[in-house]
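One-letter residues, chain by chain:
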Amino acid sequence: MNKQLLMVPGPTQVAPEVYQKMISPMINHRSAEFEETFGRALAKLKRLIGCSGDVMLFPGSGTGAMEAAAVNMVSPGEEVVSVSIGYFGKRFAEILKRHGAVVHYLEFPWGQAAEPETVRRFFAQHPGATCCFLTHNETSTGAINDLQTLREAVPEQVMLVVDAVSSLGAAEIRQDDWGIDVVVSASQKALMLPPGLAIVAASKRAMDKSKSVTSHRYYWDFQLAKKFLDRPRPQTPYTPCVSLVLAMDTALDLIEQEGYQAVYARHKLIARGVREGCRAAGLEVLAPEHAASPTVTAVKAPEGIEAGKITGIAKRRYGVVLAGGQGHLEGKVFRIGHMGYVTWYDALASVAAVEMAISELGVPVEQGRAARALQQVIMEGWLK
Ligand SMILES: *Cc1c(COP(=O)(O)O)cnc(C)c1O
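Now for a description of the structure that goes with this document. Everything quoted here is computed from the prediction, not taken from an experiment.

**What to know about helix α5 (residues 116-125)**
So, step 1. Turning to α5, its buried residues number three or more, namely Val119, Phe122 and Phe123. For α5, the arc enclosing every buried residue in end-on projection is 100 degrees, short of the 170-degree limit, so these residues lie on one face. Opposite its buried face, α5 presents the exposed residues Ala124 and Gln125, each directed more than 90 degrees away.
So, step 2. Along its buried surface, α5 packs onto β3 (79-84), β4 (102-107), β5 (131-135) and α6 (147-153).

**Remarks on the pattern of salt bridges**
So, step 1. Inspection of every chain in the model, using the stated rule, returns 22 salt bridges.
So, step 2. Residue Lys209 is joined to Glu78 by a salt bridge in which the shortest nitrogen-to-oxygen separation is 2.4 Å. Here Glu78 lies in the loop between α3 (62-73) and β3 and Lys209 lies in helix α8 (residues 204-210), a separation of 131 residues in the sequence. Considered together, Lys209 and Glu78 belong to a single accessibility category, that of buried residues.
So, step 3. A salt bridge links Arg120 to Glu117; the shortest N-O distance between them is 3.0 Å. Linking Arg120 with Glu117, this pair stays in helix α5, spanning three residues, or about one helical turn.
So, step 4. One connected set of salt bridges, linked through shared partners, spans Arg40, Lys44, Asp249 and Asp253.

**What to know about the pairing of strand β9 (residues 182-186)**
Residues in a regular strand point their side chains to alternate faces of the sheet.
So, step 1. A large share of β9 lies buried, amounting to five of its five residues.
So, step 2. Side chains of β9 alternate between two faces, with Val182, Val184 and Ala186 and Val183 and Ser185 buried alike.
So, step 3. Pairing geometry for strand β8 (residues 159-163) and β9, over three bridges, is parallel. Across the sheet, the residue bridging to Val162 is Val183, located in β9.
So, step 4. Note: β9 against strand β10 (residues 197-202), five bridges, orientation antiparallel. Bridge assignment links Val182 to a residue of β10, and that residue is Ala202.

Reading the values: the criteria
Residues numbered from 1 in each chain as written. Predicted model: local features only at pLDDT ≥ 70, side-chain atom pairs only at ≥ 80, totals over all residues. Heavy atoms only, no water. Buried < 20%, exposed > 50% of the residue type's maximum accessible area, 1.4 Å probe, protein only. Helix = DSSP H or I, 4+ residues; strand = E, 2+ residues; numbered from the N terminus. Arc of directions from axis to C-beta. Contact = heavy atoms within 4.5 Å. Salt bridge = Lys/Arg side-chain N within 4 Å of Asp/Glu carboxyl O. Pairing = 2+ DSSP bridges.

Here it is as structure tokens:
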């Protein structure tokens, strides 16, 4: 038998009722049926993001949503600040450079969150910057930024663009209340859908600015998307991912039925259980506790052991699929994704598999310690 537990930070597990939607017969994307579901799914996304502006869906992955934000917010030659706390922050800067932006790059040590005072000083040094690009949850390191505090460190007139690919649906985001101009995300992480939908939520101010941005674009153009969204019933300029839009309507129902706050609390509790479990097995979590991500945990491989050995054994022998490290962390950390359609027993199996794998690799560890620590966290969390 080859039953596997998918615990990578995207793509993530998909609920049976969502799969069911994916296989419903194809419909015309210019039909009332599609437009109704599309409109309903967009309204749910707006509630989730706390957005009164426009939410656009493009066929694409998260990187597509990042590129869409870049080409609609920044003209070639324009100065921007790109704040990075890891691999995906670096990717945003790279996208911006390739589109001709003048990028002032501020990188924090991988594993840490961005420090608001440093961000404030950086803006004082770069008064010409018009936009700030920032990662909410850095999937490569398992660290999460405090968006509300960082917004206060970014000058009011500077547009804030946030990569929320691995946080939307698992950690709170209030776009309007927190003054975020553009939120980008994707379907295959905490939204518990298959890959294929790039999500962009733009404030009114961001939409207005995009009108005067001179970069070349068609597929990703906000104004073109808006023209079709503003029809009597919302549409898209070209063929949308019909099956994914239908499935998203159902996935967002699951989130609304559980309740946003309950969803966020579940992610925090499971994440804490995973961290405590790993520590009980003698391992070190990369991010400090105050910046630890609710959706992904990066764990340092023990001295002298290549991280790929741990993920290899976890998958081959124990059927638990974990992720390796990215960038300069490759081989040094492994990552456990715990976002979306994930429950405590998925986390339990994951930390147990890690404990067994490192034991096989010669690390002296008493079996059962990781599980016990996780169970303790879960029980205490639920008794509260
Ligand atoms: C996964 C991820 C991306 C990239 O998404 P793709 O869908 O792989 O293009 C970007 N940013 C963050 C924070 C991510 O977790």
